[in-house]
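# Structure at a glance
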Amino acid sequence: MLEVSNVTLSYGGVRAIDDVSLTVAKGRIVGLIGTNGAGKTSLFNVISGFTRGDKGSIRFNGAAIENVRPSEIAQLGLVRTFQTPLGFPRMTVLENMLVFSRADAASRGRIFGRSKPDGAILEQAMATLDEFGLASRGNDLVQDLAAPELKMLEFARAMMGDIKLLMLDEPAAGVNPALLENLTSHIRSLRDRGVTFLVVDHNLKFISSVCEEIYAMADGRVIAHGDSADVIANPDVIRLYVGTGGADNSLSKEAEA
Ligand SMILES: Nc1ncnc2c1ncn2[C@@H]1O[C@H](COP(=O)(O)OP(=O)(O)OP(=O)(O)O)[C@@H](O)[C@H]1O
C-alpha cells in the first residue's frame, strides 16, 4: 500500500532522513520508533506531503506521491495526525468534524453559512463522535476540550474521510492508561474495518502491543525492522534506548522479560 524508497531529507547540515526505505502492507498496523531527533516526524512530513524530500520515491497504492500536495494525498486516503492536535478552536466539536468530512461544501452546510448540513453527513459525524466518547461534546467549542478529548477528536475527525492509511503521530502522548486502552481498541477495530496504520510513538509498551511490525530509526536511518517482539529485543535498539534513557524505558524491561 505504501512504499517509501531511499528517501533522504537534510535541513542545512542535518540529515534528518538518510536513505530510508519502508513498506506498509494493506491491513497492517506498523510502528515507527526511535529516540528524539531520529527522523520519525520528518519522515511523516515527507510521506504526507508537508515537506518535500531531497531524494527518493514514495508510492501509495501504486501512485507516485512524492510531488503531490498534502490535501491531494489526503484525498487519496492517506491521512495523518499531528503531535500537537490541530483544529479550529473557536468552532464546535461537531463543526470540526464536518470541516474534515469528504463531503462537498453544500452537504457540509452551515459551517459555511449556508443551509443545514446533509443529514447523512451529520449522522456520520454524530455516530463517530459517539464511538470516540465525544457525543456529549458536539456543541462545545474545541478550545474548551481537555487534552485527551482533543486527541480523541483528532482521531474521530480523521475518520470523516474515506481513510485507507492513517498515520498517527504520537497518539499515546499525554494519554492516561484507560484512554490508551480505548485508543488501542479503536485502532484494532478500524483495522478490522479496512484501515491500515503507521504509528509513531515513544511509548514502546503501547507500540509493541498494538503493532505487528516495527521499524526503528536512529540518526535518520532505519536500524531495525521486523516483528514487534524481535525489534524490541534487538540489541541495537536496546542499546539505543538504554544508552539515552529514552522513551519510557519499558523497552529494556520488556526485553528482559
Ligand atoms: N524544520 C527543521 N529545521 C531544522 N532541523 C530540523 C527541522 N525539523 C527537524 N529537524 C532536525 O531533524 C532531525 C530529525 O528530527 P525529527 O523531528 O524528524 O525527529 P523525531 O524522531 O520525530 O523526534 P521526536 O521524537 O523528538 O519528535 C533532528 O536533528 C531535528 O533537529
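Residues numbered from 1 in each chain as written. Predicted model: local features only at pLDDT ≥ 70, side-chain atom pairs only at ≥ 80, totals over all residues.

## A look at helix H6 (residues 147-158)
Selection criterion: Numbered from the N terminus, helices here are DSSP runs of H or I no shorter than four residues, and strands are runs of E no shorter than two. For a helix, the expected span equals 1.5 Å multiplied by the number of residues minus one. With C-beta atoms placed from the backbone, a residue counts as buried when 20 or more other C-beta atoms lie within 10 Å of its own, as exposed when 12 or fewer do, and as partly exposed for counts between those limits. Residues are scored as being in contact if the C-beta atoms we place from backbone atoms lie within 7 Å.
Spanning twelve residues, H6 covers 17 Å between terminal C-alpha atoms, matching the ideal 16 Å at 1.5 Å per step. Along H6, ten of the twelve residues are buried, which leaves the element largely enclosed by surrounding structure. Those residues of H6 that sit buried are Glu149, Leu150, Lys151, Met152, Leu153, Glu154, Phe155, Ala156, Arg157 and Ala158. Buried positions along H6 lie against strand S6 (78-80), helix H3 (93-99), helix H5 (119-131), strand S7 (165-169) and helix H7 (177-192).

## Focus on the sheet that holds strand S9 (residues 213-218)
Strand pairing in a sheet relies on backbone hydrogen bonds. The paired strands run either parallel or antiparallel. Formally: When DSSP locates at least two bridges between a pair of strands, those strands are taken to pair. With axes taken as lines fitted to C-alpha atoms, and helix axes fitted only over the stretch in contact, angles between N-to-C directions fall between 0 and 180 degrees.
Taken in spatial order, the six strands of this open sheet run S6-S7-S8-S3-S9-S10, and their pairing is mixed. One side of each edge strand has no neighbouring strand; the edge strands of this open sheet are S6 and strand S10 (221-227). When the angles between neighbouring strand axes are averaged without regard to direction, this sheet yields 15°. With three bridges connecting them, S6 and S7 associate as parallel partners. Within S7, the position partnered with Arg80 by the bridge is Met167.

## With respect to the site of the ligand
To keep it simple, the criterion reads: Near, as applied to residues and a molecule or strand, means the residue's backbone-placed C-beta atom lies within 6 Å of it. Each residue is assigned to one of three groups, with Ala, Val, Leu, Ile, Met, Phe, Trp, Tyr, Cys and Pro labelled nonpolar, Asp, Glu, Lys and Arg labelled charged, and all others, Gly among them, labelled polar.
With respect to spatial proximity, the complete set of residues near the ligand consists of Tyr11, Val14, Ala16, Gly34, Asn36, Gly37, Ala38, Gly39, Lys40, Thr41 and Ser42. Those elements giving two or more residues to the shell around the ligand turn out to be strand S2 (14-24) and helix H1 (40-47). Take the shell around the ligand: its biggest share by element is three residues, from H1. Class assignment of the residues belonging to the shell around the ligand gives a composition of four nonpolar, six polar and one charged.

## Focus on the domain arrangement of the protein
A common measure of how large an interface is: the accessible area buried when the components associate. This is how it is decided: An automatic or database domain assignment is the source of the domain bounds shown.
Under the domain assignment, the protein is made up of domain 1 (2-77 + 162-255) and domain 2 (87-159). Taken together, the nine residues of domain 1 in the interface contact seven residues of domain 2. The class makeup of the residues in the side of domain 1 that touches domain 2 is five nonpolar, three polar and one charged.

## What about the environment of Val4?
Its place among the elements puts Val4 in strand S1 (residues 2-11). With 24 C-beta atoms packed within 10 Å, Val4 lands in the buried category. In this structure the C-alpha to C-alpha distance between Val4 and Asn67, which are 63 residues apart in sequence, comes to 13 Å. Contacts of Val4, omitting those with residues within four sequence positions, involve Val20, Ser21, Leu22, Ile47 and Ile58.

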